[in-house]
Amino acid sequence: MAIIKLSATERRRLSAFFTCLALAVFAWIFTVLSNNYAYTVKGVLNFKNAPQKRAFHSLQSDTVNVDVNGSGWEMLFSKMNPGNKIVSVDLQSLENKSYVVLNTQLDQINNKKEINQQITGFNPDTLYFDFSNRKEKRVPVHLITDIKYQHQFSQSGNITIKPGYVIINGPADVIDKITEWRSDSLKEDSVAETVNTTISLQPVKEGNISIYPRNVQVNIPVDEYTEKSVLVPVKLVNNFNYYDVKIFPQKVKVTFTTSLNKYNETDEDFFEATADLNLWSKQGYKVLPVVLKKIPDYCKIVKIEPQNIDFIIKK
C-alpha cells in the first residue's frame, strides 16, 4: 500500500486547511442557530384564579401543543430537554363562560416567562369546561409513614396530627367519593427520640379541587422499650349454664415490652385475660387457650405462660 509522504510545508498547509474548514463549519452552525425558527413544544396547563361559585371539570387533556418562536439554540435545547413546560391559564372568565380562549392570554402568559421562548399560539386554542355544583367537605388526614427505629426504641403512644382534618372543595360528585386525604410519606431512619415535624399533604391532581391546609404538624412519641412481666387473673367467659368451674392456674404470666416512661405505671390492671368455656361445651376442648382481651396500645406481648389452662367442672 502506497504511503503519501508530505513535506513539512505541505503538512502545515493541510493543517491550516482543516483548521479553516472547522472554523467555517463552526461559524456556519453558529449563524444558523442564531436565526429564529417556529417550532412546537408540549405544555402542561396550570389553572389559576378558579371560579369560586362554579365547580368545573376540563373536557380535554391537561397538555397542549405550544407554538413558539425562538432561536435555533433555544430550539436545540428544547429538543435536548423534552420535558413538558408549564403554561399558567387564568380561569377568571369561567365565572360567566364555559370556555377559555388561550390566544387572548398570550401577553399575560409570555410575561410569566414559564417558557423562555416567545409563545405565538396553542393547539387546541380553546379549552372547554363542564360545570356542576360545588361542595365543601371535611375529611381526615391519612398519615403515610416509613419509620425505622433504633434497637429497643419504638413508638410509645398515639400519633398526633394537627390539624387532623382538611377541608376539600370541588365538584359534588367528586367530593362525595373522597373519604380521606393522604399525606406525603414520612420517612425516618434510626429514630431514637420523639418525632416532631411538618409534612405536606399529597397535591391535588385535578385543577377543579382545592384543599386547606396543605401541610400538617405530626408528633410521634418515641421511647426506649424494655421487658416487664405481670401476673394477670384469667376470667372465665361464656359459662351460660353457670357450672362450678375451677381453673388451674388462676393467673398467667404475661411478658411484654413497654416504654421506660410507663414502666412503673403499667401493671396487671392494664390487661384482661379470658378463657372461653364454649370451647369445651361445643367443641370438646380438654384445655382452654388463654386470650388477652385488653392490651395497652404502647405494649407488645412477648409471651403468655402458660398459653393454655386446665379446668375442672363440678357437677
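Details of the structure are given in the entry above.
Let us look at the structure shown here. (Residues numbered from 1 in each chain as written. Predicted model: local features only at pLDDT ≥ 70, side-chain atom pairs only at ≥ 80, totals over all residues. Heavy atoms only, no water.)

A closer look at the nonpolar core
Here is step 1 of the chain: Counting 23 residues, the largest nonpolar core has Val-234, Val-252, Val-254, Phe-271, Ala-273, Leu-288 and Ile-309 as the members making the most contacts within it.
Here is step 2 of the chain: Among the secondary structure elements, those contributing two or more residues to this core are β16 (222-237), β17 (244-248), β18 (251-259), β19 (272-276) and β23 (308-314).
Here is step 3 of the chain: Here this core gets four residues from one element, more than from any other, and that element is β16.
Here is step 4 of the chain: What Ile-309 contacts, discounting residues up to four positions off in sequence, is Val-234, Ile-247, Phe-248, Pro-249, Val-252, Ala-275, Val-287, Leu-288 and Val-290.
Here is step 5 of the chain: With 20 residues, the next largest nonpolar core counts Val-166, Ile-168, Ile-178 and Ile-220 among its residues. (Core = buried A, V, L, I, M, F, W, Y, C linked by side-chain atoms within 4.5 Å. Buried < 20%, exposed > 50% of the residue type's maximum accessible area, 1.4 Å probe, protein only. Helix = DSSP H or I, 4+ residues; strand = E, 2+ residues; numbered from the N terminus. Contact = heavy atoms within 4.5 Å.)

With respect to the sheet that holds strand β10 (residues 160-162)
Here is step 1 of the chain: Strand order in the open sheet formed by three strands is β10-β15-β13, with antiparallel pairing between adjacent strands. The sheet is open, and its two borders are formed by β10 and β13 (195-200), each paired with just one other strand. Adjacent strand axes in the sheet meet at a mean angle of 25°, parallel and antiparallel pairs treated alike.
Here is step 2 of the chain: Strand direction decides the pairing type here: β13 and strand β15 (residues 215-220), joined by six bridges, are antiparallel. Residue pairing across strands places Val-195 opposite Ile-220, the latter belonging to β15. (Pairing = 2+ DSSP bridges. Axes fitted to C-alpha atoms, helices over the stretch in contact; angles between N-to-C directions.)

Some points on the pattern of salt bridges
Here is step 1 of the chain: Counted by the stated rule, this structure contains three salt bridges.
Here is step 2 of the chain: The residue Glu-305 makes a salt bridge to Lys-303 at a minimum N-O spacing of 3.9 Å.
Here is step 3 of the chain: For Glu-305, a relative accessible area of 36% corresponds to the partly exposed category.
Here is step 4 of the chain: Residue Lys-303 is classed as partly exposed on the basis of its relative accessible area of 39%. (Salt bridge = Lys/Arg side-chain N within 4 Å of Asp/Glu carboxyl O.)

Concerning the side chain of Gln-105
Here is step 1 of the chain: Looking at the element boundaries, Gln-105 is found in the loop between β5 (99-101) and α3 (106-112).
Here is step 2 of the chain: If we ignore the near neighbours within four places in the chain, the residues touching Gln-105 are Ser-88, Val-89, Asp-90 and Val-100.

Here we look at the packing of aromatic side chains
Here is step 1 of the chain: Counting across every chain of the model gives four aromatic pairs.
Here is step 2 of the chain: Aromatic pair Tyr-243 and Trp-280: ring centres 5.5 Å apart, planes at 85°, arrangement edge-to-face. Here Tyr-243, found in the loop between β16 and β17, pairs with Trp-280, found in helix α5 (residues 278-281); they are 37 residues apart in sequence, far enough to count as distant.
Here is step 3 of the chain: Both rings, one in Trp-280 and one in Phe-311, keep their centres 6.4 Å apart while their planes meet at 70°; by these two values the pair is edge-to-face. Placement of the pair is Trp-280 in helix α5 and Phe-311 in strand β23, with a sequence separation of 31 residues.
Here is step 4 of the chain: Note on Trp-280: relative accessible area 26%, which makes it partly exposed.
Here is step 5 of the chain: On the basis of relative accessibility, which here comes to 14%, the residue Phe-311 falls in the buried class.
Here is step 6 of the chain: Directly above the aromatic system of Tyr-165 lies the positively charged group of Arg-138, at a separation of 3.9 Å from the ring centroid.
Here is step 7 of the chain: The lysine or arginine in question, Lys-262, covers the ring of Tyr-298, its NZ or CZ lying 4.1 Å from the ring centre. (Phe/Tyr/Trp six-rings, centres within 6.5 Å; stacked < 30°, edge-to-face > 60°. Lys NZ or Arg CZ within 6 Å of the ring centre and 35° of its normal.)

Some words on the side chain of Thr-255
Here is step 1 of the chain: Mapped onto the elements, Thr-255 comes out in strand β18.
Here is step 2 of the chain: Look at Thr-255 and you get buried, because its relative accessible area is 3%.
Here is step 3 of the chain: Residues contacting Thr-255, with those up to four places away along its chain left out, are Glu-227, Lys-228, Ser-229, Lys-300, Ile-301, Val-302 and Lys-303.

A look at the sheet that holds β23
Here is step 1 of the chain: Reading across the sheet, the three strands line up as β17-β23-β20 and stay open at both edges, with antiparallel pairing between neighbours. Two strands in the sheet have a free side with no partner beyond their single neighbour: β17 and β20 (288-289).
Here is step 2 of the chain: Sheet topology places β17 next to β23; five bridges connect them, and they run antiparallel. Residue Val-245 lies in a different strand from β23, and its bridge partner there is Ile-313.

Details of the layout of surface pockets
Here is step 1 of the chain: Here the second largest pocket is characterised by a volume of approximately 230 Å³.
Here is step 2 of the chain: If you trace the second largest pocket, you find it lined by Val-174, Ile-178, Glu-180, Trp-181, Arg-182, Gln-202, Pro-203, Lys-205, Glu-206 and Ile-209.
Here is step 3 of the chain: A per-class count over the lining of the second largest pocket returns five nonpolar, one polar and four charged. (1 Å grid on protein atoms, 1.4 Å probe; cavity = no way out; pocket = protein on both sides within 12 Å on 5 of 7 lines; lining within 4 Å. Points joined across faces, edges and corners; volume = space filled by probe spheres on them. Nonpolar A, V, L, I, M, F, W, Y, C, P; charged D, E, K, R; others polar.)

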